[in-house]
Amino acid sequence: MVLGVDVGGTKIAVAAVDGVKATHAVEHPTVLDNTDGLLDGMEHAVREVMREAGEPDAIGVGVPSQIEYETGTVESSVNIPLTGVPLREELGRRFGVPVFVDNDANCAALAEAHIVGARHLVMLTLGTGVGGGVVINGLTFRGAHGLGAELGHMTINPDGPPCPGNCPNHGCLEAYCSGQALERDATELANDKTNSPLAARLGPDGKVSGRELVSAADDGDGDALLLMENFARMLGVGIATYVNVFEPERLAIGGGLSRASHLFLDRAVREAGSRALPALWERVTIALAEGGADAGVIGAGVLAAVEIADRDTGKSHATTTEGIE
Ligand SMILES: [Zn+2]
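(A) Local environment of the coordination of the zinc ion. At 2.1 to 2.4 Å from the zinc ion lie its protein donor atoms, namely His153 (ND1), Cys163 (SG), Cys167 (SG) and Cys172 (SG). Because the angles between the four donor atoms bound to the zinc ion fall within 100 to 122 degrees, the donor set is best described as tetrahedral. When the donor residues of the zinc ion are listed from N- to C-terminus, their spacing reads H-x9-C-x3-C-x4-C.

Take a look at the structure:
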């Protein structure tokens, strides 16, 4: 039995995970004002699940941060106070069982691959920013230190707008296909066309939110539809490249913005289909993510289960090598 922990900007979710099923789930608000409070909150939630589900063989943790995977140390963390925290060591000490820590987008991709039964999968998470994960032959691809697979920071246009992420580049996918990019474009248009329906949706903060833009597009506003069309086109450009590079069986689209997929998905798939290499394109499925609200917890649990299985295989492999020598 393994536990999955999903640390979000607003809540911490913990559950026992069996295959791709989560049970004994609990949720608590995330403590954001200090690191110790956050860690104590995680411990409290984990112990609550352990009281019902029993002692786990391992714990997987997904956090919205950059993680050096081997040590489970948080390299940087914008929304929650974990920068520099050796999370794997800290939680391992508290619980006395193996702990594995990964970026939440990697966990979501791993969950999706196991839920749909795909061994080769790319997942894009479209939200405030653009996250992503790559699963190759059933395992998460992370690069040399765990910092890789930053799919949102692939350049779509070298002369494009500054990337809204913590990133020095211009014209990344995140600069076109994120909630922040939609907000930027909708606000700019509202300020240029002061009599437009989008201008009427300017909020007290002087911005048109992504949510308002989506709502305007749903109402049939031409300006809003044009912005969504551009969003879809750029997303299609990105999808085509991911398909060409990774040749996944499936490319899944998740995240909060996927709820507005009726405004962009068909158009993005058409764009991608006109750009991807034909032999790869005819073998890939582009689909909305099937994992629901508990995908983060499930992915963290799957991570722990995969790592334990991997380690056991590693052991037997080492023994075999020794025998041969
Ligand atoms: Zn970027």
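The rest of the description comes next.
(B) Structural context of the sheet that holds strand 8 (residues 121-126). Read across the sheet, five strands follow the order 10-9-8-11-12 without closing on themselves; strand pairing throughout is mixed. Every other strand in the sheet has two partners, leaving strand 10 (139-140) and strand 12 (285-288) as the edge strands with one partner each. As paired strands, strand 9 (residues 130-136) and strand 10 are joined by two bridges and run antiparallel to one another. Residue pairing in the sheet places Ile136 in a bridge with Leu139 of strand 10. Each of strand 8, strand 9, strand 10, strand 11 (250-254) and strand 12 touches helix 3 (residues 104-116); the most contacted strand, strand 9, lies at about 50 degrees to it.

(C) Looking closely at the packing of helix 6 (residues 222-246) against helix 7 (residues 265-273). Relative to each other, helix 6 and helix 7 sit at 45 degrees, their axes nearing to 7 Å. One element, helix 6, and the other, helix 7, form an angle in the oblique class. For the element pair helix 6 and helix 7, the recorded crossing hand is right-handed. Across the interface between the two elements, Glu229, Ala232, Arg233, Leu235, Gly236, Val237, Ile239 and Ala240 from helix 6 touch Arg267, Ala268, Glu271 and Ala272 from helix 7.

Rules of the game
- Residues numbered from 1 in each chain as written.
- Predicted model: local features only at pLDDT ≥ 70, side-chain atom pairs only at ≥ 80, totals over all residues.
- Heavy atoms only, no water.
- Donors = N, O, S within 2.8 Å, 3.2 Å for Na, K, Ca; no water.
- Tetrahedral: all angles 85-135°; square planar, octahedral: opposite > 155°, others 65-115°.
- Pairing = 2+ DSSP bridges.
- Helix = DSSP H or I, 4+ residues; strand = E, 2+ residues; numbered from the N terminus.
- Contact = heavy atoms within 4.5 Å.
- Axes fitted to C-alpha atoms, helices over the stretch in contact; angles between N-to-C directions.
- Parallel < 35°, antiparallel > 145°, perpendicular 65-115°, else oblique.
- Left-handed = near helix turned anticlockwise from the far one by under 90°.

Keep in mind these numbers describe shape, not what the thing actually does.
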